[in-house]
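# Examination of the molecular architecture
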Amino acid sequence: MSLDSPATTTPSILLVEDTASLQMLYSTVLRKGGYGTICASNGQEALQKFAEHRPAVVLLDLMLPDTDGMIVMREMLALQPQTRIIVITANGSVDIAVEATRAGAHDFLVKPLGDIRLISAVANAVAETRLGTADSFEAEDQRDHPSGAIDAAFPGQSEVMAQLLKKISAVACSMAPAFIMGESGTGKELCARTIHLKSNRAAGRFVTFNCSAVPAEMQDAELFGQGDSPAKPGATSIKAGALTRAHRGTLFLENLHDMSPAAQAKLLNFLQHGAITLPNGAEPVKVDARIICAANHDPVDDMRNGKLREDLYYRLFVIPLTVPPLRARGDDVNIIAKTLLVQIADEEGKHFTGLAPETAAAFRAARWPGNIRELINVLRLAVVLHDGPIVTPEMLPPEMQRAGNGPDSAAAQANGQAQTSLADMLGGMTMSEIEELAITAAIRRHNGSVPRAARELDIAPSTIYRKRETWNTGAA
Amino acid sequence: MTTILDSDSLAALLGCGDSTVVAALLEQMMSDFARLHDQGVVLMASLGAQADTDFSALRRLAHEAKGLALTIGAHKLTQICAEAEVLAQKGDRDALSQCWADMIGLCSDARVELAQNRMRV
């Protein structure tokens, strides 16, 4: 008898279970939940049906008569990386749960499977495949990212962006934690993704974790995992945390200052030992994840006002990168605007091809406090309310229509003149002297704070300490 | 009569669908337990023959029986299956022989109890 129950409008789940009665039971429960099933009783049949139907979600028993379920899972993920695989097993071992998660399992269920738990696990997995993200505060990248997208990640030709891209390439080769700073909307996450995609971890997951979006009491479980002890009656599942999901990949931590003290202590422990202890108190599990943090303000302030542990700050603030605001990127704003305009017009079913010269001038002169996010809003407004093919100044918000001839434009001119004068003043000095002058001035501006000066200059604090030692030795 | 099935687990099982579905499910479970019992008897014989013991097959069978026992709430059977699984993995022939006899006996009991419930559906 075939237990396959093809879906009508609901997605079909591939159910891999060798015990016929359990296959029948799970299939019945899933049907009640509105899901069709395609059933397989061994690894070979599972792979054959997977290749044939390409299901988005698979329920996979780990112990199969002909092969190990882990091998089947790896083959499925190699064929279709975005598949959500829910592992089911009668072994509630933490080691197995961690191994399965590392191998790419989305969830881990321990028999006996309660109806609600089974349906909710499948519903979550199906929802994620539709959204393309794990949930509101943790998201994974699809691993088959086209390589061309990496280079196109930061369109623009400005010097500041060229320097940033150069730094990103260098940082990608390292394992050291990176700390990305920049105003809201500048593309800090894009910067982190680019580092990940250029690194040798690109085949692994890019997992984001926004501390501000997760309640403090849930951060520990969401970041490090949760689960009951297998010895505990009624134990049914072990959920991997964001850190474990980023094994052999990258964990992108946003708004570290909103991380609870308990989670900060645990993160520090992970950074020191490279291992995490799961909630059931089992042996620590090694996790190989690179950490990249981001903030839109100075983390030193968080450290000073007690929101961020000092020892954690020094562990994470190893390689600083600053994503420049849009107003500092010169003509990049118009290059980006043209790229975005075509995309937005396509989404809105309109035909736009470019910017009028006056619009480009207004864009160049604007302050863009909301950066690229604000630029997107301005373009979308123009596209939605008007017909193309060119964005004219009349399509822009009133304050922006004035910007082309406004005070911002004058300020930009004055700034350019000041830069020319400074360059003249530095004439005759060696690079080493200019460097010492710039660093000393920055330290003075920050009341003697080396980390803050380093951040302003976009270099590591250790660089300043080393240089100061050289200067002192030279003076002696 | 001593019951080996947990009443809550059984109730959940009996409530998983209409009578046709439940009857088919119970029959399939009876069939699975009968198969596990029969395969268990064959494998038990191999425990006496030093060279022919397939510990990997013993482990797989104990594991499968454990999964089924967990689902119907047969706690004692679950425990013995888990023990048999560990002993098979270790290759502890003597301890496994005694444990295995208990396990296949309980598989038979479980099948009988499922059959009684099947008649009530």
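Secondary structure assignment for chain B yields 5 helices and 0 strands. Helices (α) and strands (β) of chain B occur, in sequence order from the N terminus, as α-α-α-α-α. Across the 121 residues in chain B, those meeting the buried criterion constitute 48%. Within chain B, residue pairs in contact and separated by at least 24 positions form 70% of the contacts whose partners lie at least 6 positions apart. Carbon and sulfur atoms provide 52% of the accessible area of chain B, an area that totals close to 5,700 Å².

As a further point, take the interface of chain A and chain B. Taken together, the contacts link 18 residues of chain A with 20 residues of chain B. Taken over both partners, the interface formed by chain A and chain B buries close to 1,600 Å², and the fraction arising from carbon and sulfur atoms is 66%. At the junction of chain A with chain B, the criterion picks out 0 salt bridges. For the pair chain A and chain B, the number of links is 4 residue pairs in polar contact (both at pLDDT 80 or more). The dominant element in the side of chain A that touches chain B, judged by the number of residues it contributes, is helix H1 (residues 20-32) of chain A, at 8 residues.

Counting 61 residues, the largest nonpolar core has A:Leu59, B:Leu77, B:Trp100 and B:Met103 as its most contacted members. In terms of residues, this core owes the most to one element, helix H5 (residues 93-120) of chain B, which gives 10 residues. Beyond its immediate stretch of four places on either side in the chain, A:Leu59 contacts A:Ile13, A:Leu14, A:Leu15, A:Val16, A:Leu30, A:Ile86, A:Ile88, A:Leu109, A:Leu118 and A:Val122.

Residues and elements named next belong to chain A. Inspection of helix H9 (residues 216-224) places Gln-219, Glu-222, Leu-223 and Phe-224 among the buried residues, and these make up the whole buried set. Buried positions in H9, seen along its axis, are confined to an arc of 165° and lie on one side of it. Following H9 by one or two positions, Gly-225 has its phi on the positive side, about 105°.

All names here are of chain A. This structure, assessed with the given rule, holds 5 aromatic pairs over all chains. Ring centres of Phe-206 and Phe-252 lie 5.8 Å apart, and the angle between their planes is 25°; this geometry places the pair in the stacked category. In this pair, Phe-206 is assigned in strand E8 (residues 206-210) and Phe-252 in strand E11 (residues 250-254), connecting sequence segments 46 residues apart. Exposure remark for Phe-206: the relative accessible area of 0% places this residue in the buried category. The exposure class assigned to Phe-252 is buried, which follows from its relative accessible area of 0%. Note on Tyr-313 and Phe-317: the rings are 5.1 Å apart at their centroids and 15° apart in plane angle, and the pair reads as stacked. Here Tyr-313 falls in the buried class, since its relative accessible area comes to 2%. For Phe-317, a relative accessible area of 5% corresponds to the buried category.

Turning our attention to the environment of A:Phe224. Residues and elements named next belong to chain A. Tracing the chain through its elements places Phe-224 in helix H9. Classification of Phe-224 as buried rests on a relative accessible area of 0%. Along the chain, Phe-224 and Ala-242 lie 18 residues apart, while their C-alpha atoms are 6.5 Å from each other.

Next up on the list: the pattern of salt bridges. Residues and elements named next belong to chain A. Scanning all chains against the criterion turns up 15 salt bridges over all chains. Between Lys-111 and Glu-17 there is a salt bridge, and its shortest N-O distance comes to 3.1 Å. Residue Lys-111 is found in the loop between strand E5 (107-110) and helix H5 (115-131), and its partner Glu-17 is found in the loop between strand E1 (12-16) and H1; the two are separated by 94 residues along the sequence. Across the salt bridge formed by Asp-311 and Arg-309, the nearest N and O atoms sit 2.9 Å from each other. Among the residues examined, Asp-311 registers a relative accessible area of 35% and is labelled partly exposed. Judged by relative accessible area, Arg-309 falls into the partly exposed class, the value being 32%. When salt bridges with common partners are traced through the structure, they connect Glu-17, Asp-61 and Lys-111 into a single cluster.

What follows covers the sheet that holds strand E2 (residues 36-40) of chain A. Residues and elements named next belong to chain A. Within the open sheet, the 5 strands sit side by side as E2-E1-E3-E4-E5. Their pairing is parallel. Looking at strand neighbours, the two that pair on one side only are E2 and E5, the edges of this open sheet. In this sheet, adjacent strand axes meet at a mean angle of 20° when their direction is disregarded. Of the strands in this sheet, E1, E2 and strand E3 (57-61) touch helix H2 (residues 43-53), which is tilted by about 140° from E2.

Parameters and conventions
Residues numbered from 1 in each chain as written. Chains lettered and ligands numbered in written order. Predicted model: local features only at pLDDT ≥ 70, side-chain atom pairs only at ≥ 80, totals over all residues. Heavy atoms only, no water. Helix = DSSP H or I, 4+ residues; strand = E, 2+ residues; numbered from the N terminus. Buried < 20%, exposed > 50% of the residue type's maximum accessible area, 1.4 Å probe, protein only. Contact = heavy atoms within 4.5 Å. Areas by Shrake-Rupley, 256 points an atom, 1.4 Å probe, with all protein chains shown as cover. Buried area = accessible area lost by both parts, 1.4 Å probe. Salt bridge = Lys/Arg side-chain N within 4 Å of Asp/Glu carboxyl O. Polar contact = N/O pair within 3.5 Å; in protein donor to acceptor, adjacent residues only side chain to side chain. Core = buried A, V, L, I, M, F, W, Y, C linked by side-chain atoms within 4.5 Å. Arc of directions from axis to C-beta. Phe/Tyr/Trp six-rings, centres within 6.5 Å; stacked < 30°, edge-to-face > 60°. Pairing = 2+ DSSP bridges. Axes fitted to C-alpha atoms, helices over the stretch in contact; angles between N-to-C directions.

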